[in-house]
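Chain by chain, the residues:
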Amino acid sequence: MVYYLNEIESKNLLKNLRPLTRKVGVSEDLRGWNWNRTPLSPYRPVLLPMYLICSNYCPTSRDLYLKRVEKRRGEWNHPLSLGKVIHDTVARAYTLAREGEFDVPFDDWYRMQRYEDYMKGNLPLIQTYARMVYDYILSQARSQFNVAMSSHPFSAKRDMLLASVPFLVEHTINGELLGCSSVLSIDCYDYLHNIIFDLKVGGNRDETHRLQPAGYALVFESIYEIPVDIGGTVYLWFQNNQLIARKDLFPIGDHLRSWWLEMRDRRAELVHEERDPGMPAECPPSCIYRSVCGV
Amino acid sequence: MERLVVDGWGRFLGVEDGQIVVKERKGKSYSVICRSLPSDLRQVVIAGKGSLSSDAIDVLAHHGVDLIFLDWRGGVSARLSPPMLRTVNTRREQYRCYDTEKGAALAKAFIRAKMKNQMAVLGTYAKTRVQADPNTAEALRVARESIERIASELESVSGTACDAVRGTIMGMEGCATGVYWNAISKIVDESFGFNHRSGRYAGDPVNALLNYGYAILEGECWRAVHYAGLDPYGGFLHVDRPGRASMVYDLIEEFRQQVVDKSTLKLLSHRQIRTENFEVVDGVCRMDDATRRLVLSELLMKMDDRVRYKDKLWRWSDLILHQAREVAKFLRGESGKYEGFWLRW
Ligand code: SF4
């Protein structure tokens, strides 16, 4: 599945989400193309990467202060390593699929990444999981492509690839108009359904995960001036050696957009003031700054 | 048409062929200036000097239409509402919950929402001024932060009854509101002489405008409270006082900033209102008829305007009604939580 919609998700999209977004709409003031006006125009001249605007790693946002003000780096740990490898793998697999290269071996590419040089965690397990994801995506993309070709036998292969694997993965976009970094990378843009996806490795759903697609939608609108009204968070995780993929599809309406703007302004303020927000009562065990903060 | 406003002098509201008609005196005769089916109406506002027939009252009541009368200050001088169903259970719970944690939670929810809306208004005005007037923008931003601090202190207030928390909550609300109006005064043209919120007897044009706007909002909240089956006099945050619609005042808190303050500031910033539109009579600042009409139409248009909230498109007046119904549901135990209305910008 990953970025493909299953039957239920397609029905939900067509019967619920699309009619809802058409009916409710989005305030013009909150469309990304109004980046030069209130409330979209950034209050502080600070440019932040999307993950630092939206992440809820550290309850007080001290991670942001450490990263941007003190220029400290976190430490690799298992969840971070797994997340990075899976993101790379998904991007690699879809890139191959879009080129019609369904049979490229996984191990050669994986070896070349030299993850073991800097990552920490259970690396053999991470590799196993990555291979599962890789095989899964390529076999599914191949089947979609075959269906497309058999339905349109006189079409060009390239055309059918663009229609059957309609995903721009790790799509880079400039976020400066909205106070984001100049090089942002959107996990996936499904250009046939006009949905922006964000990939999360893990199964814990959280409302704040919707912020990232909302932020990307705003940036997308600021650059291309095309409305993006639907976002999706894709959750990938592994259970009993089985890959599990679930999606949360949602409208990117006023509420999410203004929530994202509030987060952006709040975090830019913190960086601008160079203020250490202090430590929370409890630090999440997976935080990459535990050794820096002395937890 | 959902709301009929009868404004001006010498107008008459009556019934003709089952329709509600507004007639105006022209010389010695009356001519019809407006006709509507009572089933199309939700509210009739009598804002000027006129008269109405008992037939009209009867027809309006029969169709569940609210009838309110505004005085020159915009105060609601009288209201006629049709009888309600399903109020006993709601009201019983409303009185009972006053002495419970639920009542305390409601009191807190109203003020939490109010503070969040104050923050939103200040944040929006700060952003619009960041290029042209950075000092004012900064003052607004700092005020927003102060209110945010007070709002986070509010979260630690807990109690098992309204009486246990009301003093503390109102103290915090007073601080936040002081900060808010002090910051807002910086964006109002000095010629209006506005430097603080004076409440009922306006000493300056801005307070006069706000009072008038809040009164119109009060009419809308009253209607919502009534239709939700709540007792307008049984509040949680505002002290019970004879004749004081405390529940209505509680609900208003969530809507003042987004509905009235923003509309008023818009009229001022668009220079649609000038100091010469006001005069002081017996120590109270009064607006002239044209200004009163302008404010009334701006606010009534706003009530019919749409707002996107919780991924739904609401008319403001429906949203107010929805919130009142949510209060009633919470009191009856049909929902576990009441969330006040607030927007982030
Ligand atoms: S270790 Fe704790 S305080 Fe430091 S960044 Fe992580 S969560 Fe925040």
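Refer to the structure above for everything that follows.
Conventions and cut-offs
Residues numbered from 1 in each chain as written. Chains lettered and ligands numbered in written order. Predicted model: local features only at pLDDT ≥ 70, side-chain atom pairs only at ≥ 80, totals over all residues. Heavy atoms only, no water. Helix = DSSP H or I, 4+ residues; strand = E, 2+ residues; numbered from the N terminus. Rg over C-alpha atoms; globule rule 2.2 N^0.38 Å. Buried < 20%, exposed > 50% of the residue type's maximum accessible area, 1.4 Å probe, protein only. Contact = heavy atoms within 4.5 Å. Areas by Shrake-Rupley, 256 points an atom, 1.4 Å probe, with all protein chains shown as cover. Lys, Arg positive; Asp, Glu negative; His and termini not counted. Salt bridge = Lys/Arg side-chain N within 4 Å of Asp/Glu carboxyl O. Buried area = accessible area lost by both parts, 1.4 Å probe. Polar contact = N/O pair within 3.5 Å; in protein donor to acceptor, adjacent residues only side chain to side chain. Pairing = 2+ DSSP bridges. Axes fitted to C-alpha atoms, helices over the stretch in contact; angles between N-to-C directions. Parallel < 35°, antiparallel > 145°, perpendicular 65-115°, else oblique. Left-handed = near helix turned anticlockwise from the far one by under 90°. Patch = residues over 30% accessible without salt bridge, like charges linked within 9 Å, V, L, I, M, F, W, Y side chains within 5 Å. Near = heavy atom within 4 Å. Nonpolar A, V, L, I, M, F, W, Y, C, P; charged D, E, K, R; others polar. Phe/Tyr/Trp six-rings, centres within 6.5 Å; stacked < 30°, edge-to-face > 60°. Lys NZ or Arg CZ within 6 Å of the ring centre and 35° of its normal.

Asker: Account for the overall build of chain A, naming residues and giving values.
Answerer: For chain A, the helix and strand inventory stands at ten helices and five strands. Against the globule reference of 19 Å for 295 residues, chain A gives a C-alpha radius of gyration of 20 Å, in line with a compact fold. Taking the principal axes of the C-alpha coordinates as reference, chain A spans close to 60 × 50 × 30 Å. Counting over 295 residues, chain A shows a buried share of 52%. Long-range contacts, defined as pairs at least 24 residues apart, comprise 72% of the intrachain contacts of chain A with a sequence gap of at least 6. Of the roughly 13,700 Å² of accessible surface on chain A, 51% is carried by carbon and sulfur atoms.

Asker: Tell me what's going on with the side chain of Arg267 of chain A, and back it up with residues and numbers.
Answerer: Residues and elements named next belong to chain A. The topology assignment puts Arg267 in helix α9 (residues 254–273). Salt bridges are absent for the buried Arg267, whose nearest opposite-charge side chain, Asp63, sits at 5.5 Å. In this structure Arg267 touches Leu48, Leu52, Ile53, Cys54, Ser55, Ser61 and Leu64, once residues within four positions along its chain are discounted.

Asker: Could you give me a rundown of the interface of chain B and chain A, with the residues and numbers involved?
Answerer: Contacts between the two partners involve 17 residues from chain B and, on the opposite side, 25 residues from chain A. Of all residues in chain B, Lys127, Arg344 and Trp345 of chain B give up the largest surface area on contact with chain A, accounting jointly for 41% of the area buried on that side. At the boundary of chain B with chain A, the tally comes to six salt bridges. With a closest N to O distance of 3.3 Å, Arg44 of chain A and Glu138 of chain B form a salt bridge. Connecting chain B to chain A are twelve residue pairs in polar contact (both at pLDDT 80 or more).

Asker: So what's going on with the sheet that holds strand β5 (residues 43–46) of chain B? Residues and values would help.
Answerer: Residue and element names in this part refer to chain B. A sheet is described by the order of its strands in space; here four strands give the open sequence β1-β5-β7-β8, paired in mixed fashion. Of all strands in the sheet, those with a lone pairing partner are β1 (3–6) and β8 (76–80), marking the two edges. Strand after strand, the sheet turns through a mean of 15° between neighbouring axes, direction not considered. Sheet topology places β1 next to β5; four bridges connect them, and they run parallel.

Asker: Which residues make up the packing of helix α6 (residues 123–151) of chain A against helix α7 (residues 157–164) of chain A, and what values do they have?
Answerer: Residue and element names in this part refer to chain A. Two elements in contact, α6 and α7, have axes separated by 9 Å at closest approach and are oriented at 125°. Here α6 is positioned oblique relative to α7, judged by the angle of their axes. The hand of the α6/α7 crossing is right-handed. Along its contact with α6, which presents Gln144, Phe145, Ala148 and Met149, the element α7 presents Lys157, Met160, Leu161 and Ser164.

Asker: An account of a nonpolar patch on the surface is requested, with residue identities and associated values reported.
Answerer: Residue and element names in this part refer to chain A. There is a patch of nonpolar side chains on the surface, built from Ile223, Tyr224 and Ile226 and spanning about 240 Å² of accessible area. Mapped onto the fold, Tyr224 is located in helix α8 (residues 211–224). In this structure Tyr224 comes out as partly exposed when scored by relative accessible area, which is 38%.

Asker: Just give me the short version of the site of the ligand, but keep the residues and values in it.
Answerer: All names here are of chain A. Taken together, the residues surrounding the ligand are Cys58, Arg62, Asp63, Pro280, Cys283, Pro284, Cys287, Tyr289, Arg290, Cys293 and Val295. Elements that contribute at least two residues to the shell around the ligand include exactly α3 (62–69) and α10 (290–293). Its residues assigned to classes, the shell around the ligand shows eight nonpolar, no polar and three charged.

Asker: An account of the packing of aromatic side chains is requested, with residue identities and associated values reported.
Answerer: Taken as a whole and judged by the stated rule, the model has 24 aromatic pairs over all chains. Ring pairing ties together the aromatic residues Tyr3, Tyr4, Tyr94, Phe167 and Phe197 of chain A, which thus form one cluster. Taking the ring centre of Tyr249 of chain B as reference, the NZ or CZ of Arg244 of chain B above it sits at 5.8 Å. The aromatic ring of Tyr214 of chain B is capped on one face by Arg256 of chain B, whose charged end is 4.6 Å from the ring centroid.

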